[in-house]
Amino acid sequence: MKIKTITCHEVYNHGASLQEHALLKFLINEGHEAKTLHYKPDYLSSHFKLDGLSNPKFDKPVIKQLYLLAKLPGRLKSLKRKKAFDDFAIKYIPTDHELYTSNEELKSNLPKADAYICGSDQIWNSFFQNGKDPAFYLDFVPDEKLKISYAASFAIDHIEDSLIDFVKEKVQRINCISVRETSGVTILNSLGINSAVQVLDPVFLLDSIYWKNTFVNEKPNNDFVFVYDFDSNPLIEQLSKKIAKEQNLKIITVNKNINYSDYNYYLEGPEKFLSLMYYAKYVITNSFHSVAFSLIFEKQFVVVNRTEAINTRMRDLLGLFNLSSLLINSVEQFDAVNEIDYLKLNERKEILKSFSKEFLLNALNNNILKH
């Protein structure tokens, strides 16, 4: 079967790249011809622009030129990160050659496929423009074509009242609906859509041996705690230093904003992220996919709540594995955390993986069509 997927493509984020690869790889392993759509609307195309302005107040004569000149050295250096992710995509993310920049372009020049899958990642997060983009709800696909959502994420508990009719109308057209979070099922139920099920993120569709053998490279010289923090969270800094001191570990990160680590691999791609996840002695994070790979690689870890209102992703994933106590807000909560029993947890993981695979394969075989 020829399958086209659509997700947030080329956004230069470890989790986004790895989940995109995982879904395609799983489909290909099942004998399908699968490619992702090269969908790049303007709001997802501003990465690594040398002339970009982070604040409109700088968009004034002379000030703009001085601002861009000051930013140029750092931006030129960051192109190394872009190349690392682009190289990963070329090798591991089969992509349709046609470039599309809008839902209307997709409609007028429909990519040929037997089935279309939207997901995973935060494609339906209405805090961002992608959650308001009809393309991520497969709006461009004709009624007679098979439409599937796999592990689509709202990443929030509630959608705005102004978007309720939009989301309901678009999701109702999808033949087989799955979302990544329990909160996503709740949102759809509140819209009268009761056929949605919860499945695991695509990265769980591939086993730990595949991830290790394909992507994990050399082990760092020192044992370390791995920090993955988008917020420059002071609690994460405090905990990482505490663990590093108590266990004689280095601190390693891949986040540009972290200035207290012993080593920072911000400029490297997903292979480095996976290698550090695999070899870490402990993981402190506020990233969904860092949690996912902690579970895949059987790491001891904790999750610190983010300042943004998108903690539902980590909260629901931890709840699914009965690990809610790992979502913390204080040192006291950290001190009360128990070691994860992976012997017990892996039984739960295999059940959830089997259900997720079964949903997707049944959907492709037209066994659970709504229409």
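Definitions and cut-offs
By convention here, each chain's residues receive numbers from 1 onward along its written sequence. Per-residue local features of the predicted model are confined to residues with pLDDT of at least 70, and side-chain atom pairs are confined, for both listing and counting, to 80 or more; whole-chain, interface and lining totals are unaffected and use all residues. For the side-chain quantities, the full set of heavy atoms in the structure was used; hydrogens and water were omitted. Numbering of helices and strands runs from the N terminus, with a helix taken as a DSSP run of H or I at least four residues long and a strand as a DSSP run of E at least two residues long. We take the radius of gyration over the C-alpha atoms and set the globule estimate at 2.2 Å times the residue count to the 0.38 power. Relative accessible area decides the class of each residue, using a 1.4 Å probe on protein chains only: under 20% of the type maximum gives buried, over 50% gives exposed, and in between gives partly exposed. In what follows, residue pairs with any heavy atoms lying within 4.5 Å of each other are defined as contacts. Areas reported as accessible are Shrake-Rupley estimates using a 1.4 Å probe. Residue values count occlusion only from the protein chains shown. In this tally, Lys and Arg are treated as positive and Asp and Glu as negative; His is ignored, and so are the chain termini. Here the site of a charge means NZ on Lys, CZ on Arg, CG on Asp, or CD on Glu. Here, a salt bridge means any side-chain nitrogen of Lys or Arg that lies within 4 Å of a carboxyl oxygen of Asp or Glu. Axes, fitted as lines to C-alpha atoms, cover a helix only where it is in contact. Angles between the N-to-C directions of the axes lie from 0 to 180 degrees. Note on angle classes: values under 35 degrees are labelled roughly parallel, values over 145 roughly antiparallel, values of 65 to 115 roughly perpendicular, and the remainder oblique. Should DSSP find at least two bridges between two strands, the strands are taken to pair. With its strands directed away from the observer, a crossover is right-handed exactly when the path from the first strand over the helix to the second travels clockwise. When residue character is reported, Ala, Val, Leu, Ile, Met, Phe, Trp, Tyr, Cys and Pro are called nonpolar, Asp, Glu, Lys and Arg charged, and the others, Gly included, polar. Each Phe, Tyr or Trp ring, with Trp reduced to its six-membered ring, pairs with another whose centre is within 6.5 Å; inter-plane angles below 30 degrees give stacked pairs, above 60 give edge-to-face pairs, and intermediate values give tilted ones. Put simply, a charge is over a ring when the Lys NZ or the Arg CZ is close to the ring centre, within 6 Å, and near the line of the ring normal, within 35 degrees.

### So, the overall build of the chain
Moving on, step 1. From N to C terminus, the chain includes 12 helices and 13 strands.
Moving on, step 2. Taken over the C-alpha trace, the chain has a radius of gyration of 21 Å; the compact-globule value for 371 residues is 21 Å, and the two agree within 12%.
Moving on, step 3. Projecting the C-alpha coordinates of the chain onto the three principal axes gives extents of approximately 60 × 60 × 40 Å.
Moving on, step 4. For the chain, with 371 residues in total, the buried portion stands at 55%.
Moving on, step 5. Expressed as a percentage of contacts within the chain between residues at least 6 apart in sequence, the contacts between residues at least 24 apart total 75%.
Moving on, step 6. Summed over its atoms, the accessible surface of the chain is roughly 16,700 Å², and 49% of this surface lies on carbon and sulfur atoms.
Moving on, step 7. Averaging the positions of the 45 positive and the 46 negative side-chain charges in the chain gives two centres separated by 4 Å.

### Thoughts on the pattern of salt bridges
Moving on, step 1. Scanning all chains against the criterion turns up 19 salt bridges.
Moving on, step 2. Here Lys170 and Glu169 are joined by a salt bridge, their closest N and O atoms 3.5 Å apart.
Moving on, step 3. The exposure class assigned to Lys170 is buried, which follows from its relative accessible area of 10%.
Moving on, step 4. By relative accessible area, which is 46% here, Glu169 ends up partly exposed.
Moving on, step 5. A network of salt bridges, in which partner residues are shared, links Lys107, Asp139, Glu169 and Lys170.

### Regarding the packing of helix H9 (residues 288-296) against helix H12 (residues 342-364)
Moving on, step 1. Following both chains from N to C, one finds H9 and H12 inclined at 110°, their axes separated by 11 Å at the closest point. Relative to H12, the element H9 is oriented roughly perpendicular. Between H9 and H12, the contacting residues are Ser294, Leu295 and Ile296 on the first element and Tyr342, Leu345 and Lys349 on the second.

### Some points on the sheet that holds strand S1 (residues 2-6)
Moving on, step 1. Across the sheet, which stays open at both edges, the seven strands sit in the order S3-S2-S1-S4-S5-S6-S7 with parallel pairing between neighbours. Two strands lie at the open edges of the sheet, namely strand S3 (95-100) and strand S7 (197-198), each paired on one side alone.
Moving on, step 2. In terms of strand pairing, S1 meets strand S4 (residues 115-118) through four bridges, oriented parallel. Residue pairing across strands places Ile3 opposite Ala115, the latter belonging to S4.
Moving on, step 3. Lying over the sheet, helix H5 (residues 182-190) contacts strand S6 (176-179) and S7, oriented at roughly 135° with respect to S6.
Moving on, step 4. Together, S1, S4, strand S5 (146-152), S6 and S7 form the strand contacts of H12, whose direction differs from that of S5 by roughly 165°.

### Quick word on helix H8 (residues 270-279)
Moving on, step 1. The buried fraction of H8 amounts to seven of the 10 residues, a majority that puts the element mostly inside the structure.
Moving on, step 2. Along H8, the residues that are buried comprise Pro270, Lys272, Phe273, Leu274, Ser275, Leu276 and Met277.

### Regarding the environment of Phe26
Moving on, step 1. Within the fold, Phe26 resides in helix H1 (residues 14-29).
Moving on, step 2. Relative accessible area serves as the criterion here: at 5%, Phe26 is assigned to the buried category.
Moving on, step 3. Distance in space between the C-alpha atoms of Phe26 and Asp96 is 17 Å, their sequence separation being 70 residues.
Moving on, step 4. In contact with Phe26, other than residues within four places in its own chain, are Leu205, Leu206, Lys357, Leu360 and Leu361.

### Remarks on the pairing of S1
Moving on, step 1. The element S1 is largely enclosed, with a buried count of four among its five residues.
Moving on, step 2. One ladder, built from four bridges, connects S1 with strand S2 (residues 33-39); its direction is parallel. Within S2, the residue paired with Ile3 across the bridge is Ala34.
Moving on, step 3. Read from S1 through H1 to S2, the crossover connection turns out right-handed.

### Examining the packing of H9 against helix H10 (residues 312-320)
Moving on, step 1. Following both chains from N to C, one finds H9 and H10 inclined at 20°, their axes separated by 9 Å at the closest point. Comparing the axis directions of H9 and H10 gives the class roughly parallel. Of the residues in H10, those in contact with Phe288, Val291, Ala292 and Leu295 of H9 are Arg313, Met314, Leu317 and Leu318.
Moving on, step 2. Among the residues forming the contact of H9 with H10, the class breakdown is seven nonpolar, no polar and one charged.

### A few points about the packing of aromatic side chains
Moving on, step 1. Applying the stated rule across the entire model yields 24 aromatic pairs.
Moving on, step 2. With 6.2 Å between their ring centres and 85° between their planes, Tyr116 and Phe140 make a pair best called edge-to-face. Remark: Phe140 occurs in the loop between S4 and S5 and Tyr116 occurs in strand S4; sequence separation between them is 24 residues.
Moving on, step 3. Tyr116 gets classed as buried once you look at its relative accessible area, which sits at 1%.
Moving on, step 4. Overall, Phe140 belongs to the buried group, its relative accessible area being 4%.
Moving on, step 5. Between Tyr150 and Phe359, the aromatic rings sit 6.5 Å apart at their centres with planes inclined by 35°, giving tilted as the arrangement. Taken together, the positions of Tyr150 in strand S5 and Phe359 in helix H12 put the pair 209 residues apart, joining distant regions of the chain. There is no split in this pair, since Tyr150 and Phe359 are both buried.
Moving on, step 6. Cation over ring: Lys272 sits above Tyr265, and NZ or CZ is 4.4 Å from the ring centre.
Moving on, step 7. Above the ring of Tyr278, the side-chain terminus of Lys299 is found at 5.9 Å from the ring centroid.

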